Amino acid sequence: MSEQMERIKTFIIGSGPAGYTAAIYAARADLKPVMYTGMEPGGQLTTTTEVDNFPGYPEGIDGPTMMMQLQQQAERFGTEVRIGMVTAVDFSDEIGGIHKVTVDESKVIEAETVIISTGASAKYLNIPSEQRLRGGGVSACAVCDGFFYKGQEVAIVGAGDTAAEEASYLANICKKVTMLVRKDHMRASKAMQHRVNSIDNIEIRYNTEVDEVLGDQVVEGIRMVNNETGEKEDIAVTGLFIAIGHKPNTDIFKGQLDMDETGYIITQAKSTKTNKPGVFASGDAQDKIYRQAVTAAGTGCMAALDAERYLAAVESKEILASS
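Predicted, not measured: the structure shown is a model, and the values here were computed from it.

Looking at the state of the cysteines
So, point 1. Following the criterion strictly, the structure yields one disulfide and no others.
So, point 2. The disulfide partner of C141 is C144, and the gap between their sulfur atoms is 2.1 Å. On the sign convention where negative means left-handed, the S-S torsion of about 70° between C141 and C144 marks this disulfide as right-handed.
So, point 3. A relative accessible area of 15% places C141 in the buried class.
So, point 4. Given the relative accessible area of 24%, C144 is considered partly exposed.
So, point 5. C174 takes part in no disulfide bond, and the closest cysteine sulfur, belonging to C141, lies 13 Å away.

Some remarks on helix α1 (residues 17-28)
So, point 1. In this model α1 runs 17 Å from its N-terminal to its C-terminal C-alpha over 12 residues, within 8% of the 16 Å that 1.5 Å per residue would give.
So, point 2. Of all 12 residues that make up α1, 10 are buried, and the element is covered over most of its length.
So, point 3. All buried positions along α1 are accounted for by P17, A18, G19, Y20, T21, A22, A23, I24, A26 and A27.
So, point 4. D30 sits one or two residues past α1 and shows a positive phi near 65°.

Regarding the packing of aromatic side chains
So, point 1. Applying the stated criterion to the full structure yields six aromatic pairs.
So, point 2. Summarising the aromatic geometry, the rings of F11 and Y36 are spaced 5.4 Å apart at their centres and angled 15° between planes, so their arrangement reads as stacked. Taken together, the residues span a long stretch of sequence, with F11 in strand β1 (residues 6-13) and Y36 in strand β2 (residues 34-36) at a distance of 25 residues.
So, point 3. When its relative accessible area of 0% is taken as the criterion, F11 is described as buried.
So, point 4. Ring centres of F54 and Y57 lie 6.3 Å apart, and the angle between their planes is 55°; this geometry places the pair in the tilted category.
So, point 5. By relative accessible area, F54 is classed as buried at 16%.

Points about helix α6 (residues 190-197)
So, point 1. Residues of α6 that are buried: M192, Q193 and V196. Angular distribution of buried residues about the axis of α6 spans 100°; they occupy a single face of the element. In α6, those exposed residues whose orientation departs by more than 90 degrees from the buried face are K190, A191 and H194.
So, point 2. Taken together, the buried residues of α6 touch α5 (161-173) and β11 (202-205).

Examining the environment of T250
So, point 1. Mapped onto the elements, T250 comes out in the loop between β16 (246-248) and β17 (279-281).
So, point 2. A residue is classified by how much of its surface remains accessible, and T250, at 0% relative accessible area, is buried.
So, point 3. Sequence spacing of T250 and G263 is 13 residues, and the spatial spacing of their C-alpha atoms is 6.4 Å.
So, point 4. Excluding anything up to four places from it in sequence, T250 contacts T118, M259, G263, I265 and A285.

Focus on a positive patch on the surface
So, point 1. A cluster of like positive charges, contributed by K123, R182, K183 and R187, occupies part of the molecular surface.
So, point 2. Assignment of secondary structure puts R182 in the loop between β10 (176-180) and α6.

Considerations on the packing of α5 against α6
So, point 1. Where α5 meets α6, the closest approach of the two axes is 9 Å, and the angle between their N-to-C directions is 30°. One finds that α5 runs roughly parallel with respect to α6. The crossing of α5 and α6 is left-handed. Between α5 and α6, the contacting residues are D161, A164, E165, A167 and S168 on the first element and M192, R195 and V196 on the second.
So, point 2. Its residues assigned to classes, the contact of α5 with α6 shows four nonpolar, one polar and three charged.

Rules used throughout
Within each chain, residue numbers correspond to sequence positions counted from 1 in written order. Local features in a predicted model are, by the rule used here, given only for residues with pLDDT of at least 70; side-chain atom pairs are given and counted only at 80 or more, and totals for whole chains, interfaces and linings are based on all residues. Side-chain metrics rest on all non-hydrogen atoms present in the structure, leaving aside hydrogens and water. Any cysteine sulfur atom paired with another within 2.5 Å is treated as part of a disulfide. Buried residues are those whose accessible area, probed at 1.4 Å on protein chains only, stays under 20% of the maximum for their type, while exposed residues exceed 50% and partly exposed ones sit between those limits. For the purposes of this entry, the term helix denotes a DSSP run of H or I that reaches at least four residues, the term strand denotes a run of E that reaches at least two, and both are numbered from the N terminus. A helix's residues, less one, multiplied by 1.5 Å, set its expected span. Stacked, tilted and edge-to-face pairs are distinguished by plane angle, under 30 degrees for stacked and over 60 for edge-to-face with tilted covering the rest, among Phe, Tyr and Trp rings (Trp via its six-membered ring) whose centres lie within 6.5 Å. Within this analysis, the arc is defined by the directions that extend from the helix axis to the C-beta atoms. Only heavy atoms matter for contacts: two residues are in contact if any of them lie within 4.5 Å across the pair. Patches draw on residues past 30% relative accessible area with no salt bridge. Two like charges within 9 Å are joined, as are two nonpolar side chains (Val, Leu, Ile, Met, Phe, Trp, Tyr) within 5 Å. Accessible surface area values rest on a Shrake-Rupley calculation with a 1.4 Å probe, where residue burial reflects the displayed protein chains alone. We define a salt bridge as a side-chain nitrogen of Lys or Arg found within 4 Å of a carboxyl oxygen belonging to Asp or Glu. His is not counted, nor are the chain ends, whereas Lys and Arg count as positive and Asp and Glu as negative. We put the charge of a Lys on NZ, of an Arg on CZ, of an Asp on CG and of a Glu on CD. Note on definitions: angles span 0 to 180 degrees between N-to-C directions of axes, and those axes are lines fitted to C-alpha atoms, for helices only across the stretch in contact. Each angle receives one of four descriptions, namely roughly parallel if under 35 degrees, roughly antiparallel if over 145, roughly perpendicular if within 65 to 115, and oblique otherwise. Should the near helix be turned counterclockwise from the far one by less than a right angle, the crossing is left-handed, whereas a clockwise turn marks it as right-handed. For this classification, Asp, Glu, Lys and Arg are treated as charged, while Ala, Val, Leu, Ile, Met, Phe, Trp, Tyr, Cys and Pro are nonpolar and the rest, including Gly, are polar.

Set out below in structure tokens:
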């Protein structure tokens, strides 16, 4: 294993908007970043057909093309993008310490700084028709995709604050929103429950689940099932939004980085600094509130700037110590 060891300045884990933006800034600062893409190069946006809310694309752009362009921009400034999966980390507790990152369970790389941009994965219902129509009317982000269903009838699955918030958002632009709640009550706060109950074009179906998503190429409707009576009913909708939560892709950092109860990495104050010096977290791995491509890109920029300043401070200390 020692024969495969290499030392780099900045190691970027993950390749979504946060990772590529971090790479652009890090490369321009001559940090010579090396990025490992993970199992889903480009992140969640590669499963999105149209991106209409990212600045700079007045006509919109499809997600895979946007991520390819971000990669090209990062490589233009010298980022080395590699295909591979980070499988283990050993972060140093010392300022100026060296972090060890294992790729594909075999190659160990030493890094002076690490930027984490592993993102989060939306939770889905995992029924075949839902998976088949992802990107064809099935979405896990109403704020991202709701615009495409303006004036249409849609359905949303979920019972928490996020589901209630997204149902309210959809109700402002859609003709009707059918909200499916698995239990006989919602988990959302009383204030959010009051909000959705007060909106005329939101219909809440309790004890109701999705049995099947209807349509060949795009969503044409859903088959609902009452989980108490077993009664099934079809309704016509053009969009189905899943709002049952996200899981941050941070399992390999457990035990080393401070996280909240759901696995989101905790960063210090208004920065991307983690509890380990020289390790920075950006994007949806540390943001459970906004979860937008543009906010992820913003934190990627912050992480690269934090890494640059950290390395400059370490170098200054080393110069002072040797003088």
